[in-house]
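Per-entry structural report
Take a look at the letters that make up each chain.
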Amino acid sequence: MLRAVGLSYRYPSADSDAVGPIDLKVDPGELVVVTGPTGSGKSTLLRLLAGLLQRHGRGEASGKIEIDGKDPSEIAPHQRATALAYVTQSPGDQIVCRSLLDEVSFGLESTSCDPQTIESTALAWLQRVGLDYPPDLHPESLSGGEQQRLVIGASLAAGAKTVLLDEPLSQLDPKGAQAVIQMLKKMTQDGWAVVVVEHRIQELWDKADRFILMDEGTILFDNPVDSIPLTAFRRLGLSIPPIVDIRDRAELDGCQLKAVQPPSVDPNQTSGPGKLLLKTRAIEVSYTGRKERALETPVLAIDSGERLAILGHNGSGKSTLLRELSQIASEQSLSVAFVPQNADLTLFNSTVQGEIEFGPRERGSDALEQRVHDAVQALGLEDYRTRPPHSLSKGQRVRVAVASALACLPDLLLLDEPTAGQDAAQMHNTMRSIDPLLANRTLIFATHDVQLALSFSTRVIVLEEGQLIFDGPPDEAASVLNPVPPWVHFCHRHGLSVSTVDDAYRQLKCSTQD
Amino acid sequence: MFDPRLKFILVLMVGSLAVILNSAAALGLLAVGCGLSLIASGIPARWKGRAVAIILAIVWSTVLSQSLFYGQQPRTALLEIGPLVFWREGLEHGLVQSIRFIGISLAGIALAISTPPDKLLSAMQKMGIPSGLCFLTVTALRFMPTVGNEILTVRAARRHRSGGRISRRPWVLIATEVSLLMPILARSLRRARSLAESMHIRGFDPRAHRSSRQAICWTLRDTWVLMSSASIFLSVASAKALYLLYTLELTYHPKLRSLYGWCRDWL
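Residues numbered from 1 in each chain as written. Chains lettered and ligands numbered in written order. Predicted model: local features only at pLDDT ≥ 70, side-chain atom pairs only at ≥ 80, totals over all residues.

1. A word on the overall build of chain B
The cut-off we apply is this: Secondary structure elements are taken from DSSP: a helix is a run of H or I of four residues or more, a strand is a run of E of two residues or more, and numbering for both begins at the N terminus. Values of the radius of gyration come from C-alpha atoms, whereas the globule rule sets the reference at 2.2 Å times the count of residues to the power 0.38. With C-beta atoms placed from the backbone, a residue counts as buried when 20 or more other C-beta atoms lie within 10 Å of its own, as exposed when 12 or fewer do, and as partly exposed for counts between those limits. Two residues qualify as a contact pair if the distance between their C-beta atoms, derived from the backbone, is within 7 Å.
The helix and strand tally for chain B stands at ten helices and two strands. Secondary structure of chain B in N-to-C order comes out as α-α-α-β-β-α-α-α-α-α-α-α. The C-alpha radius of gyration computed for chain B amounts to 23 Å, which surpasses the reference 18 Å derived for 267 residues by more than 25%, pointing to a less compact arrangement than a globule. Principal-axis analysis of the C-alpha atoms gives chain B an extent of 65 × 60 × 35 Å. Going through the 267 residues of chain B one by one, you find that 26% of them count as buried. Nonlocal contacts in chain B, meaning residues at least 24 apart in sequence, comprise 70% of its contacts between residues at least 6 apart.

Structure representation (structure tokens):
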């Protein structure tokens with residue numbers, strides 16, 4: 001059991017507490033989701049619960065924590081590992097060994113487990129987290145979701161019965177996320193206490209026992225899922241599962257939902273495709289040491305003004321396709337801007353302003369100030385112009401990277417997972433705000449977020465194991481997705497084109513008024 | 001698979017030999033031996049071509065710079081192109097220095113590639129190296145390819161943003177190159193924090209005892225390899241020491257004349 005009383009933390013040179021005071025109790029068998037806007041103190045709370053900030057932080061911590069009767073900040077690491085597991089955001093950064101078995105064994109070896117039992121315990125954990133692969137397989141061969149499960153298994157193997165996870169779903173595709181959630185649910189059924197900090201709460205909505213909503217370092221509410229005040233989520237711009245959102249709105253408005261004819265698309269609503277911008281060759285990419293092709297696509301014709309979304313599971317070839325498109329476009333003398341998945345690697349200037357100016361200045365572009373101003377406005381970065389980019393939060397850093405690419409006004413803008421690490425409101429705002437700036441330029445983005453892809457694209461490509469299995473309009477793409485998201489089912493059932501929740505509700509509301 | 005401690009000792013011997021030896025032929029032989037052990041350690045096929053290109057670049061750049069800027073006397077002009085003079089002794093010195101560096105590097109890479117990190121950690125700890133330092137070494141090796149890929153990504157991002165244009169002003173070029181290190185540094189710091197917290201929470205404590213699933217085991221074969229290598233190493237080191245004493249005019253023994261000659265020609 002985890003219990004925290006009066007927990008608070010103040011970062012050095014800060015005027016107020018970043019977190020707290022917070023009282024919290026998590027019982028064995030509970031799955032508790034902590035959510036809130038970026039900067040609300042969720043990750044700080046988790047690191048406090050793990051006892052890390054009390055021990056290693058330079059700030060001021062107060063309050064008491066007990067995990068199975070012990071304060072995690074006061075016991076030695078090898079003792080704490082048997083009581084508590086903590087998994088951070090990037091699984092790839094936490095893997096040290098070259099085989100699955102060695103990775104899971106690491107924690108057992110650190111806690112001086114009997115050498116005779118290490119292998120059997122580690123193998124049992126690999127099975128428990130659903131990694132039925134040869135134990136000597138290199139962890140880099142695993143997908144992001146599988147790596148996440150490996151790190152969870154490696155953290156829990158030493159015997160911890162309480163697990164804290166910081167955004168475990170942020171880099172996972174829907175299928176990978178489902179597998180992690182199912183595993184966590186199964187663990188709670190077996191008596192583990194699980195605390196998850198997450199922006200992507202849609203997938204956890206009907207799986208969590210309690211939701212804790214945080215804002216400005218304090219808990220706004222701590223309720224079971226059936227008594228969550230959705231208004232607080234809306235006020236803070238957090239995602240609510242679209243179906244839950246629509247039903248709640250209908251209930252508030254006293255409407256009854258009913259099916260309507262799919263609406264006709266307003267041609268002025270989005271900038272429609274124009275003339276041919278880029279024609280690729282048939283793309284074939286293989287990596288050394290692997291028999292199967294990493295990517296195999298037919299000739300693709302991409303028009304100017306298109307908003308092309310690339311969907312697919314982790315490892316399906318989305319990033320490879322973006323890289324190939326970037327190379328082909330450069331060969332055809334198009335101006336290209338590419339924001340890779342790890343957007344931090346594109347930030348090499350000392351201020352946000354300098355970062356956004358860099359591209360247009362190097363290219364000798366005219367109207368430099370206007371371009372920078374437009375990009376800053378569109379991405380909501382006015383308050384951060386003089387800040388060093390790497391001092392910002394992850395979501396803000398992604399926005400700086402997108403603004404920097406956008407300021408170059410390229411013929412082709414390529415974004416790889418532009419919405420990772422951002423909350424729902426930020427995600428949609430980012431996409432909505434860059435659209436007018438791009439005007440008739442082409443945007444291609446790879447994402448795991450099906451709703452985002454279907455809402456903001458004019459064309460969708462779906463990849464599966466490196467093969468292109470769909471290339472067409474967003475509405476039709478929904479049928480080839482695996483699993484088909486509940487939101488898509490809902491839209492189809494009500495005769496709606498797959499669109500944003502606001503659009504869908506407007507159409508449904510109209511139909512009830514008719 | 002040899003015991004990691006043996007591999008460690010072999011790398012130390014290679015390092016010492018690379019310092020002791022002065023002959024390009026002997027150093028070349030040492031580098032070839034290290035290269036073969038690297039191939040035997042299972043270097044990925046895609047690295048082989050790059051490794052050869054890097055080796056050639058190191059040899060070429062060192063030889064060229066040393067042959068041009070060699071300042072010691074005596075020196076013999078090999079080639080004169082206008083004001084540029086290529087010195088024979090500089091060329092030989094550059095060759096020796098580059099092969100020396102390549103030999104040590106190949107031995108270190110072979111050790112890193114052929115030894116799983118936990119075995120390396122275990123071996124270093126058993127050799128009495130402080131645990132914190134052992135862990136630092138192991139994680140640095142683990143993330144070296146990752147950092148390499150990140151450097152390529154940063155450079156590609158810069159190329160895209162600038163539209164492939166590169167400033168002709170040297171100070172701007174240097175400032176940009178230095179600024180490109182910023183994202184690598186920031187990313188490495190974030191990764192270091194994430195890794196440190198993860199290891200800490202998984203019970204890693206440099207001061208505490210660790211058990212091992214597969215305890216590293218010193219075999220009879222390891223003993224034989226160590227004995228033979230140590231014999232060769234000690235023979236070469238002793239011969240070189242005797243030769244050094246002779247050249248410094250501290251000791252001379254007529255019966256060792258053939259040894260002195262062999263050392264001069266081959267070591």
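2. Let's talk about the overall build of chain A
Across its full length, chain A holds 18 helices and 19 strands. For 514 residues, the compact-globule estimate of 2.2 N^0.38 gives 24 Å, and chain A sits close to it at 24 Å. The C-alpha extent of chain A, read off along each of the three principal axes, is 65 × 60 × 50 Å. A total of 514 residues make up chain A; the buried ones form 51% of that total.

3. Re helix H9 (residues 242-253) of chain A
Residue and element names in this part refer to chain A. Our working rule: Given a helix with a known number of residues, its expected span is that number minus one, times 1.5 Å. Think of it as the arc spanned by the lines of direction from the helix axis to the C-beta atoms.
With twelve residues, H9 extends 16 Å between its outermost C-alpha atoms, agreeing within 8% with the 16 Å of an ideal straight helix rising 1.5 Å per residue. Taken together, the buried positions of H9 are Pro 242, Asp 245 and Ile 246. Summarising the axial view, the buried residues of H9 lie within an arc of 95°, below the 170-degree limit, and thus occupy one face. The positive-phi residue at the C-terminal boundary of H9 is Gly 254, with phi of around 70°.

4. Quick notes on the sheet that holds strand S5 (residues 84-87) of chain A
All names here are of chain A. The line we're drawing: If DSSP finds at least two bridges between two strands, the strands pair. Axis definition: a line fitted to C-alpha atoms, limited for helices to the stretch in contact. Angles are taken between N-to-C directions and run from 0 to 180 degrees.
The six strands are arranged S5-S6-S7-S3-S8-S9 in an open sheet whose pairing can be described as mixed. Sheet topology places S5 and strand S9 (218-224) at the edges, where each strand pairs with a single neighbour. Direction aside, neighbouring strands of the sheet carry axes that sit 15° apart on average. Relative to strand S7 (residues 193-197), strand S3 (residues 31-35) runs parallel, the two sharing four bridges. Note on S7: the bridge partner recorded for Val 34 is Val 197.

5. Describing the nonpolar core
Here is the rule: In this usage, the nonpolar core is the set of buried Ala, Val, Leu, Ile, Met, Phe, Trp, Tyr and Cys residues whose C-beta atoms join them within 7 Å.
In terms of nonpolar packing, the biggest core is built from 76 residues, with Val32(A), Val34(A), Leu49(A) and Val194(A) touching the most fellow members. Among all residues touching Val32(A), those that are not within four sequence positions of it are Val26(A), Val194(A), Val195(A), Ala208(A), Asp209(A), Arg210(A) and Ile212(A).

6. Here's the deal with the sheet that holds strand S1 (residues 2-10) of chain A
Residues and elements named next belong to chain A. In space, the three strands of this open sheet follow the order S2-S1-S4, with antiparallel pairing throughout. Every interior strand has two partners, whereas the edge strands, strand S2 (19-26) and strand S4 (60-67), have only one. Sheet twist, expressed as the average angle between the axes of neighbouring strands with direction ignored, equals 10°. Relative to S2, S1 runs antiparallel, the two being bridged by five bridges. Opposite Ala 4, over in S2, you have Leu 24 as the bridge partner. Those strands touched by helix H1 (residues 42-49) are S1, S2 and S4, and its axis lies near 120° from that of S1.

7. Considering the interface of chain B and chain A
Using the following cut-off: Note on residue categories: nonpolar means Ala, Val, Leu, Ile, Met, Phe, Trp, Tyr, Cys or Pro, charged means Asp, Glu, Lys or Arg, and polar means any other residue, Gly included.
Contact residues are listed per partner, giving 42 residues for chain B and 52 residues for chain A. Ranked by residue count, the leading element in the side of chain B that touches chain A is helix H8 (residues 181-201) of chain B, at eleven residues. For the side of chain B that touches chain A, a count of residues per class yields 15 nonpolar, 13 polar and 14 charged.

8. Structural notes on the confidence of the model for chain B
Residue and element names in this part refer to chain B. Rules: On a range of 0 to 100, pLDDT expresses the predictor's confidence in each residue.
Averaged over all residues, the pLDDT of chain B equals 84, while 100% of them reach at least 70. Mean pLDDT values for the elements of chain B range from 78 in helix H5 (residues 117-126) up to 90 in helix H9 (residues 220-247). This prediction of the complex comes with two scores: 0.74 for pTM and 0.76 for ipTM.

9. Looking at the packing of helix H6 (residues 131-162) of chain B against H8(B)
A pair of packed helices can be characterised by two numbers: the angle between their axes and the separation between those axes. All names here are of chain B. Formally: Crossing chirality is assigned from the near helix's rotation relative to the far helix, an anticlockwise turn below a right angle marking it left-handed and a clockwise turn marking it right-handed.
Two elements in contact, H6 and H8, have axes separated by 10 Å at closest approach and are oriented at 145°. As for how H6 packs across H8, the hand of that crossing is right-handed. Judged by residue contacts, Thr 139, Phe 143, Val 147, Glu 150, Ile 151 and Val 154 of H6 engage Pro 183, Ile 184, Arg 187, Ser 188, Arg 191 and Leu 195 from H8. When grouped by side-chain class, the residues that make up the contact of H6 with H8 number seven nonpolar, two polar and three charged.

10. Details of the pairing of strand S6 (residues 162-166) of chain A
All names here are of chain A. Note the threshold: Handedness is read with the strands pointing away from the viewer; a crossover is right-handed when the path from the first strand over the helix to the second is clockwise.
Among the five residues of S6, five are classified as buried, and the element is accordingly described as predominantly covered. Of the two faces of S6, the one carrying Thr 162, Leu 164 and Asp 166 and the one carrying Val 163 and Leu 165 are both buried. Looking at chain direction, S6 and S7 are connected through five bridges and run parallel. Note that in S7 the partner of Asp 166 across the bridge is Val 197. With helix H7 (residues 174-189) bridging S6 and the parallel S7, this β-α-β connection has right-handed handedness.

11. Things to note about the confidence of the model for chain A
The predicted coordinates of low-pLDDT regions are not to be read in fine detail. Residues with a pLDDT of 70 or more make up 92% of chain A, whose mean pLDDT is 83. Overall, residues 262-271 of chain A carries pLDDT values under 50, and its contacts beyond four positions in sequence, including any with other chains, amount to eleven contacts.

12. A short note on the packing of H9(B) against helix H10 (residues 257-266) of chain B
Residue and element names in this part refer to chain B. The cut-off we apply is this: An angle below 35 degrees is treated as roughly parallel, one above 145 as roughly antiparallel, one from 65 to 115 as roughly perpendicular, and anything else as oblique.
H10 packs onto H9 with a crossing angle of 100° between their chain directions and a minimal axis gap of 9 Å. Taken as axis vectors, H9 and H10 run roughly perpendicular relative to one another. Listed contacts from H10 to Ala 239, Lys 240, Leu 242, Tyr 243 and Tyr 246 of H9 are Leu 259, Tyr 260 and Cys 263. The residue inventory of the contact of H9 with H10, partitioned by class, reads seven nonpolar, no polar and one charged.

13. Considerations on the pairing of strand S8 (residues 210-215) of chain A
Residue and element names in this part refer to chain A. In terms of strand pairing, S3 meets S8 through four bridges, oriented parallel. Looking across to S8, one finds that Thr 35 is bridged to Leu 213. Relative to S9, S8 is paired through six bridges, and the arrangement is antiparallel. Bridge pairing in S9 links Asp 215 to Thr 218. Between S8 and S9, which follow one another and run antiparallel, lie two residues, and Glu 216 among them has a positive phi close to 50°.

14. Brief notes about the environment of Ala208(B)
By secondary structure assignment, the location of Ala208(B) is in the loop between H8 and H9. Taking the C-beta count within 10 Å as the criterion, Ala208(B) has 15 such neighbours and is therefore assigned partly exposed. Expressed as a C-alpha distance, the spacing of Ala208(B) and Asp265(B), which sit 57 residues apart in the sequence, is 52 Å. Among residues more than four places away in sequence, those in contact with Ala208(B) are Ala76(A) and His78(A).

15. Overview of unusual backbone geometry
All names here are of chain A. Although it is not a glycine, Asp 68 adopts a positive phi angle of roughly 50°. Examined against the element boundaries, Asp 68 turns out to sit in the loop between S4 and helix H3 (77-80). Phi angles above zero are rare outside glycine, and Glu 465 is one such case at about 45°. Checked against the element boundaries, Glu 465 lands in the loop between strand S18 (459-464) and strand S19 (467-472). For Glu 465, a count of 15 C-beta atoms within 10 Å puts it in the partly exposed group.

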